[in-house]
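Observations on chain architecture
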Amino acid sequence: SQTIHQWPATLVQPVGSPLSLECTVEGTSNPNLYWYRQAAGRGLQLLFYSVGIGQISSEVPQNLSASRPQDRQFILSSKKLLLSDSGFYLCAWNRDSNQPQHFGDGTRLSIL
Amino acid sequence: GESVGLHLPTLSVQEGDNSIINCAYSNSASDYFIWYKQESGKGPQFIIDIRSNMDKRQGQRVTVLLNKTVKHLSLQIAATQPGDSAVYFCAGLYGQNFVFGPGTRLSVLP
């Protein structure tokens, strides 16, 4: 069966520091991969998605970037965090864009 | 742009009663909808989905109804249990990506 892992579960970082959040999927090959941010009382906001190694599409301009160095690995990064980057970040995957997305358990990021 | 939203941010039901959570969408271009359940500190979990060629789909204790005329989607949970307490949100597929609603928090009262 397929599983998706995100780490760390929580992270506290100072303003201006770099960021690296990792997501890996097991039990499938060539998945579509997604990064979302979830704000309280609002729907999930799609940040990036990838349909293959090295292929990244960005949905909103921001202080973050994404990379897919391996088939089942998706990384969310920042060179310099802002206070507004605080939030709950979720990674998801699916086999095809018209199939359900399956989510990891998220990373709670707090910027001080 | 497309939007997907729920009618109520919170819903309280008595244990054993049925729950109905509603969702409205703005653009009829979506032909695929999903309901998710999210427990505190966890990622969303897939519950049930429905494609636009159907009006109703049933799972274990859950039913999704789709009314394309009024662009409305609902999730019905039968015999609600304490373990059903969570945030529920709907999502509609537009193009290649899903648009998610903000969620309804379901509280189950003893």
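Above this text sits the structure in question.
Just so we're clear, the structure is a prediction, and the values are computed from it rather than from any experiment.

**Considerations on unusual backbone geometry**
One can expect most non-glycine residues to show negative phi and most peptide bonds to be in trans. Here the residue pair Trp7 of chain A and Pro8 of chain A is connected by a cis peptide bond, since its omega of 0 degrees sits within 30 degrees of zero. Looking at the secondary structure, you find Pro8 of chain A in the loop between β1 (3-7) and β2 (10-13). Of note in this structure, Asn30 of chain A is not a glycine but carries a positive phi near 50 degrees. Using a relative accessible area of 46% as the deciding quantity, one classes Asn30 of chain A as partly exposed. Despite not being glycine, Lys71 of chain B has its phi angle at roughly 55 degrees, a positive value. With respect to the element layout, Lys71 of chain B can be found in the loop between β7 (62-67) and β8 (72-77). The class of Lys71 of chain B is partly exposed, set by a relative accessible area of 27%.

**Side note on the packing of aromatic side chains**
The tally for this structure, following the rule as stated, stands at 13 aromatic pairs over all chains. Centroid distance Tyr36 of chain A to Phe103 of chain A: 5.7 Å. Interplanar angle 45 degrees. Geometry classified as tilted. Of this pair, Tyr36 of chain A sits in strand β4 (residues 32-38) while Phe103 of chain A sits in strand β10 (residues 102-103), placing them 67 residues apart in sequence. The same class applies to Tyr36 of chain A as to Phe103 of chain A, namely buried. Through a chain of ring-to-ring contacts, the aromatic side chains of Tyr34, Tyr36, Tyr49 and Phe103 of chain A together with Tyr32, Tyr36, Phe89, Phe98 and Phe100 of chain B assemble into a single cluster. Across the ring face of Tyr32 of chain B, the terminal group of Arg51 of chain B is positioned such that the distance to the ring centre comes to 3.7 Å.

**Re the pairing of strand β9 (residues 86-94) of chain B**
Residue and element names in this part refer to chain B. Along β9, 9 of the 9 residues are buried, which leaves the element largely enclosed by surrounding structure. As judged from the 6 bridges shared by strand β4 (residues 32-38) and β9, these two strands associate in the antiparallel manner. In the strand pairing of β9, Trp35 is matched with Cys90. Bridging between β9 and strand β11 (residues 104-109) involves 3 bridges; their strand directions are antiparallel. Across the sheet, residue Tyr88 finds its bridge partner in β11, namely Thr104. Relative to strand β10 (residues 97-100), β9 runs antiparallel, the two being bridged by 4 bridges. Note on β10: the bridge partner recorded for Ala91 is Phe100. Taking the residues between adjacent antiparallel strands as the criterion, β9 and β10 are bridged by 2 residues, where Gly95 takes a positive phi near 65 degrees.

**Quick notes on the interface of chain A and chain B**
Of the residues lining the interface, 21 residues belong to chain A; the matching set on chain B comes to 19 residues. Both faces combined, the contact of chain A with chain B buries some 1500 Å², and carbon together with sulfur accounts for 53% of it. Seen at the junction of chain A and chain B, the total is 0 salt bridges. Counting the contacts that link chain A with chain B gives 4 residue pairs in polar contact (both at pLDDT 80 or more). Mapped onto the side of chain A that touches chain B, the elements with two or more residues apiece are β4, β5 (45-52) and β9 (87-94) of chain A.

**Looking at the layout of surface pockets**
When its volume is computed, the largest pocket comes out at roughly 460 Å³. If you go around the largest pocket, you meet 26 residues; those closest to its centre are Gln38 and Ala40 of chain A together with Gln38, Val87 and Arg105 of chain B. Broken down by secondary-structure element, the contributors of at least two residues to the lining of the largest pocket are β9 and β11 of chain B. Tallied by class, the residues present in the lining of the largest pocket amount to 10 nonpolar, 11 polar and 5 charged. In terms of lining, the second largest pocket is formed by Lys37, Gln45, Phe46, Ile47, Gln60, Arg61, Val62, Ile77, Asp84 and Tyr88 of chain B. It is strand β5 (residues 45-51) of chain B that provides the largest number of residues to the lining of the second largest pocket, a total of 3 residues. Residue classes in the lining of the second largest pocket are distributed as 5 nonpolar, 2 polar and 3 charged.

Reading guide: rules and limits
Think of each chain on its own: its residues are numbered from 1, step by step along the sequence as written. Lettering for chains starts from A, numbering for ligands starts from 1, and both go in the order in which the items are written. Per-residue local features of the predicted model are confined to residues with pLDDT of at least 70, and side-chain atom pairs are confined, for both listing and counting, to 80 or more; whole-chain, interface and lining totals are unaffected and use all residues. Side-chain figures throughout are based on the complete set of non-hydrogen atoms in the structure, without hydrogens or water. The helix count covers DSSP runs of H or I at least four residues long, the strand count covers runs of E at least two residues long, and both are numbered beginning at the N terminus. Think of it in three bands: with a 1.4 Å probe and only protein chains considered, a residue is buried below 20% of the maximum accessible area for its type, exposed above 50%, and partly exposed in between. Stacked, tilted and edge-to-face are the three classes applied to pairs of Phe, Tyr and Trp rings, where Trp contributes its six-membered ring and a pair requires centres within 6.5 Å; stacked means planes under 30 degrees apart, edge-to-face means over 60, and tilted covers the rest. Criterion for a charge above a ring: Lys NZ or Arg CZ within 6 Å of the ring centre, and within 35 degrees of the ring normal. When DSSP finds at least two bridges between two strands, those strands are taken to pair. The contact rule is simple, with two residues in contact once any of their heavy atoms fall within 4.5 Å. Two parts placed together each lose some accessible area; with a 1.4 Å probe, that loss summed over both constitutes the buried area. One side-chain nitrogen of Lys or Arg within 4 Å of one carboxyl oxygen of Asp or Glu is enough to make a salt bridge. For the purposes of these results, a polar contact is taken to be a pair of N or O atoms within 3.5 Å, where, inside protein, one atom must be able to donate a hydrogen and its partner to accept one; residues adjacent in sequence count only when each atom of the pair is a side-chain atom. Both cavities and pockets are sets of points on a 1 Å grid over the protein atoms alone; in a cavity a 1.4 Å probe fits but cannot get out, in a pocket the set is open with protein on both sides within 12 Å along at least five of seven lines, and lining residues sit with an atom within 4 Å of a point. Grid points are joined across faces, edges and corners, and a volume is the space filled by probe spheres set on the points. Residues are grouped as follows: nonpolar covers Ala, Val, Leu, Ile, Met, Phe, Trp, Tyr, Cys and Pro; charged covers Asp, Glu, Lys and Arg; every other residue, Gly included, is treated as polar.

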